[in-house]
Amino acid sequence: MPGFNDEINKIKEEFKKKVKMSFQMEAEFEQILKYLAVNGADHESFFRAFFEEEKIEEPVCKAEAKKLLAKLREKAVRETTVRKTVTRTPEIVGEKHIIAWVEEDAAADPRAAELCKNADEVRIIKHYKDIFNAKGHNFKEEKKSGNFIVARNKDALVYPGAPFCQSFGNEHFYYASCVKNCIFDCDYCFLQGLYPCGYPVYFVNLEDYFEELDSLLQKFPVYLCISYDTDLLALEQKLHYVEKWVSYAQLRPDLKIEIRTKSGNSTLFKHFENMLKSSGTENCDNVIFAWTISPEEVISFAEQGLPSVEKRIGALKAAKRSGFPVRICFDPMIYHPDWKKTYQKLFSNVFNSVNAEDILDISVGVFRISNKLLRRMRDANEDSPVTQFPYITENGACHYGEISSEMMSFAKEELKKYVPADKIYAWEGN
Ligand code: SF4
């Protein structure tokens with residue numbers, strides 16, 4: 001946001017003449033102004049109107065300033081319309097020259113050869129982290145570039161689920177990541193805070209994952225999420241990894257897999273169904289396809305270009321018809337001033353179209369993120385109303401404050417109109 005810091009400093013200096021602020025409060029104040037700016041609000045006029053409303057005559061002490069700041073934040077988030085058309089990083093112009101970086105260990109793998117078919121240039125590297133963890137990345141531009149990395153994952157392949165994620169009551173909750181990064185581009189995606197680099201990394205040693213998982217399955221049943229660091233189903237036509245996971249899971253009844261997605265592709269499931277039938281399995285109860293569904297309004301400002309609600313529901317119904325258990329995730333719910341109306345309409349539309357009995361369960365949760373990740377997400381996504389929201393930070397986690405509780409209570413009550421309470425998994429923590 002060029003010139004923006006000068007404007008902020010001007011307003012901040014003015015505010016500071018009458019209101020004593022700590023460094024932390026100054027940072028919060030700046031964030032409120034940024035939020036107004038990315039949503040196209042005239043932050044200077046907004047601030048002046050607030051100052052006049054509050055009739056601040058005498059210098060305000062820090063304790064009073066805290067209350068004043070909370071009021072300013074409340075007014076900004078409740079009254080600001082979220083801007084739908086945000087200025088994005090410019091598209092890469094001209095012909096794309098696609099580079100594939102391939103680890104020397106992975107170069108002979110047939111999967112690497114298949115992936116590199118469409119690259120203009122293949123560069124052999126020692127280790128994927130030489131590229132992925134190098135300094136000076138531009139996450140957004142790299143995502144659009146079409147460049148990619150092919151590697152063998154030599155770290156731990158299957159590891160315990162993160163505390164920010166829903167385990168759906170499963171005791172041994174694990175996580176595996178055979179692709180890093182995603183072809184979709186959600187403003188709230190934690191990957192832009194987690195990874196330094198926007199290029200996707202495709203790990204070709206899928207069989208090593210299976211082997212590690214087999215050892216774990218000898219100890220206890222495992223619930224495994226395989227599509228958190230990417231959208232594996234959206235990549236299926238390129239990678240065919242979901243197909244491999246389905247085949248693997250079909251022979252391991254102690255394993256339950258969740259494949260989280262926003263894909264609108266309905267055509268894949270018939271193929272999975274036929275593949276299972278040809279190997280003598282009628283049902284595949286232990287592979288759960290889980291769709292994250294957001295209101296169209298949220299798609300328009302935070303999930304731009306992603307499949308519509310209708311497409312996602314179409315794909316979900318196709319998965320169900322092919323015999324797979326399906327889950328719906330209204331998580332993360334994203335705040336915008338009209339949230340009550342838009343989420344109410346979404347729940348009603350979804351359950352007018354999908355029979356609640358066909359759904360295995362539902363997860364619901366309001367957006368929350370660690371402070372550390374959010375800092376990097378804000379740098380990667382400077383013009384997003386989601387990353388620039390003035391979140392409340394508590395114990396290292398950022399959330400909407402009271403709004404989070406309001407949204408959660410509302411969603412749970414609304415969803416109970418359609419689905420029995422014992423099918424609803426609510427994320428109550430911050
Ligand atoms: S679909 Fe999921 S992994 Fe992909 S960008 Fe969106 S939030 Fe991130």
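Residues numbered from 1 in each chain as written. Predicted model: local features only at pLDDT ≥ 70, side-chain atom pairs only at ≥ 80, totals over all residues.

Peer 1: Sorry, what's going on with the overall build of the protein chain here?
Peer 2: Scanning the protein chain from terminus to terminus reveals 17 helices and 16 strands. Whereas a compact globule of 430 residues would reach a radius of gyration of roughly 22 Å, the protein chain reaches 23 Å, a difference of no more than 12%. Looking at the protein chain as a whole, 40% of its 430 residues are labelled buried. Of the contacts made within the protein chain by residues no fewer than 6 positions apart, 79% connect residues no fewer than 24 positions apart. (Helix = DSSP H or I, 4+ residues; strand = E, 2+ residues; numbered from the N terminus. Rg over C-alpha atoms; globule rule 2.2 N^0.38 Å. Buried ≥ 20, exposed ≤ 12 C-beta atoms within 10 Å, placed from the backbone. Contact = placed C-beta atoms within 7 Å.)

Peer 1: I keep staring at the site of the ligand and nothing clicks. Help me out?
Peer 2: The local shell around the ligand consists of C182, F184, D185, C186, C189, L191, T230, D231 and K262. For the shell around the ligand, the class distribution of residues is five nonpolar, one polar and three charged. (Near = placed C-beta within 6 Å. Nonpolar A, V, L, I, M, F, W, Y, C, P; charged D, E, K, R; others polar.)

Peer 1: Which parts of the structure should I look at to understand the domain arrangement of the protein chain?
Peer 2: Size of an interface: often given as the accessible area lost when the parts come together. Each domain of the protein chain was delimited in the assignment, giving domain 1 (4-79) and domain 2 (160-184 + 209-426). Across the boundary between the two partners, domain 1 contributes 11 residues, which contact seven residues of domain 2. Secondary structure elements with two or more residues in the side of domain 1 that touches domain 2: α2 (23-38) and α4 (62-79). (Domains from an automatic or database assignment.)

Peer 1: Please explain the packing of α2 against α4 as it appears in this structure.
Peer 2: The description of two helices packed together rests on the angle between their axes and the distance between the axes. It is the contact of α2 with α4, at a shortest axis distance of 10 Å, that shows an interaxial angle of 15 degrees. Classified by the angle between their axes, α2 and α4 sit roughly parallel to one another. As α2 packs across α4, the resulting crossing turns out to be left-handed. Packed against α2, whose contacting residues are M25, E28, F29, I32, Y35 and L36, the element α4 presents A65, K66, L69, L72, R73 and A76 at the interface. Each residue belonging to the contact of α2 with α4 can be placed in one class, and the counts come to nine nonpolar, no polar and three charged. (Axes fitted to C-alpha atoms, helices over the stretch in contact; angles between N-to-C directions. Parallel < 35°, antiparallel > 145°, perpendicular 65-115°, else oblique. Left-handed = near helix turned anticlockwise from the far one by under 90°.)

Peer 1: Any chance you could explain the pairing of strand β8 (residues 222-225) here in plain terms?
Peer 2: On a regular strand, one side chain projects to one face of the sheet and the next to the other, so that they alternate. Neither face of β8 is exposed, since V222 and L224 on one face and Y223 and C225 on the opposite face are all buried. Two strands pair when backbone bridges link them, and strand β5 (residues 173-176) and β8 are joined in this way by three bridges, in the parallel orientation. Pairing of Y174 across the sheet is with L224, part of β8. In the sheet, β8 pairs with strand β9 (residues 255-261) via four bridges, with the strands oriented parallel. The partner of L224 across the bridge, within β9, is I257. (Pairing = 2+ DSSP bridges.)

Peer 1: What should I look at first to understand the nonpolar core in this one?
Peer 2: Nonpolar side chains in soluble globular proteins tend to be buried together. If you look at the biggest cluster of nonpolar residues, it comprises 117 residues, and the most contacted ones within it are I149 and V150. Looking at which element gives the most residues to this core, the answer is α2, with seven residues. Three or more residues apiece are contributed to this core by two domains, here domain 1 (4-79) and domain 2 (160-184 + 209-426). Ignoring any residue separated from it by four or fewer positions in sequence, one finds I149 in contact with W101, Y128, I131, F132, Y199 and V201. (Core = buried A, V, L, I, M, F, W, Y, C linked by C-beta atoms within 7 Å.)

Peer 1: Where do I start with the sheet that holds strand β3 (residues 148-151) in this structure?
Peer 2: Strand pairing in a sheet is mediated by backbone hydrogen bonds. Such pairs are either parallel or antiparallel. Reading across the sheet, the five strands line up as β2-β1-β3-β7-β6 and stay open at both edges, with mixed pairing between neighbours. Edge positions in the sheet fall to β2 (121-125) and β6 (179-180), since each of these pairs with one other strand and no more. Bridging between β6 and strand β7 (residues 201-203) involves two bridges; their strand directions are antiparallel. Bridge pairing in β7 places V179 opposite Y202.

Peer 1: Help me understand the sheet that holds strand β14 (residues 392-394) in this model?
Peer 2: Taken together, three strands build an open sheet; the order of strands is β13-β15-β14 and the sheet is antiparallel. With one partner strand each, in any of the chains shown, β13 (369-370) and β14 form the two edges of the open sheet. The pairing of β13 with strand β15 (residues 397-399) spans two bridges and is antiparallel. Paired with S370 across the two strands is A397, which belongs to β15.

Peer 1: When you look at helix α16 (residues 371-380) in this model, what are you seeing that I'm missing?
Peer 2: The periodicity of an α-helix, 3.6 residues per turn, causes residues three or four places apart in sequence to face the same way. Along α16, the residues classified as buried are L374, M377 and A380. Down the axis, α16 shows its buried residues gathered within 120 degrees of arc, on one side only. Check the buried side of α16 and you find it contacts α7 (139-145), α8 (191-194), β13 and β15. (Arc of directions from axis to C-beta.)

Peer 1: Explain unusual backbone geometry here, please?
Peer 2: Peptide bonds are trans in most cases, and residues, glycine excluded, mostly fall at negative phi. Backbone torsion omega between D331 and P332 reads 10 degrees, so that peptide bond is classified as cis. Along the polypeptide, P332 turns up in strand β11 (residues 326-333). Its identity as a non-glycine residue notwithstanding, N181 has a phi of 85 degrees, on the positive side. Classification of N181 by C-beta neighbours within 10 Å gives buried; the count is 26. The phi dihedral of H240 falls on the positive side, at around 60 degrees, and the residue is not glycine.

Peer 1: Hey, could you run me through the environment of I11 in this one?
Peer 2: Take I11: it is sitting in helix α1 (residues 4-18). Taking the C-beta count within 10 Å as the criterion, I11 has 18 such neighbours and is therefore assigned partly exposed. Between the alpha carbons of I11 and E30 there is a distance of 9.3 Å; along the sequence they are 19 residues apart. The contact partners of I11, leaving out residues within four places of it in the chain, are L33, E44 and F47.

Peer 1: Please explain the packing of α1 against α2 as it appears in this structure.
Peer 2: Relative to each other, α1 and α2 sit at 130 degrees, their axes nearing to 10 Å. Classified by the angle their axes make, α1 and α2 are oblique. Crossing of α1 over α2 shows right-handed handedness. On the side of α1, the interface is formed by F4, I8, I11, K12 and F15, while α2 contributes E26, F29, E30, L33 and A37. Tallied by class, residues from the contact of α1 with α2 come to seven nonpolar, no polar and three charged.

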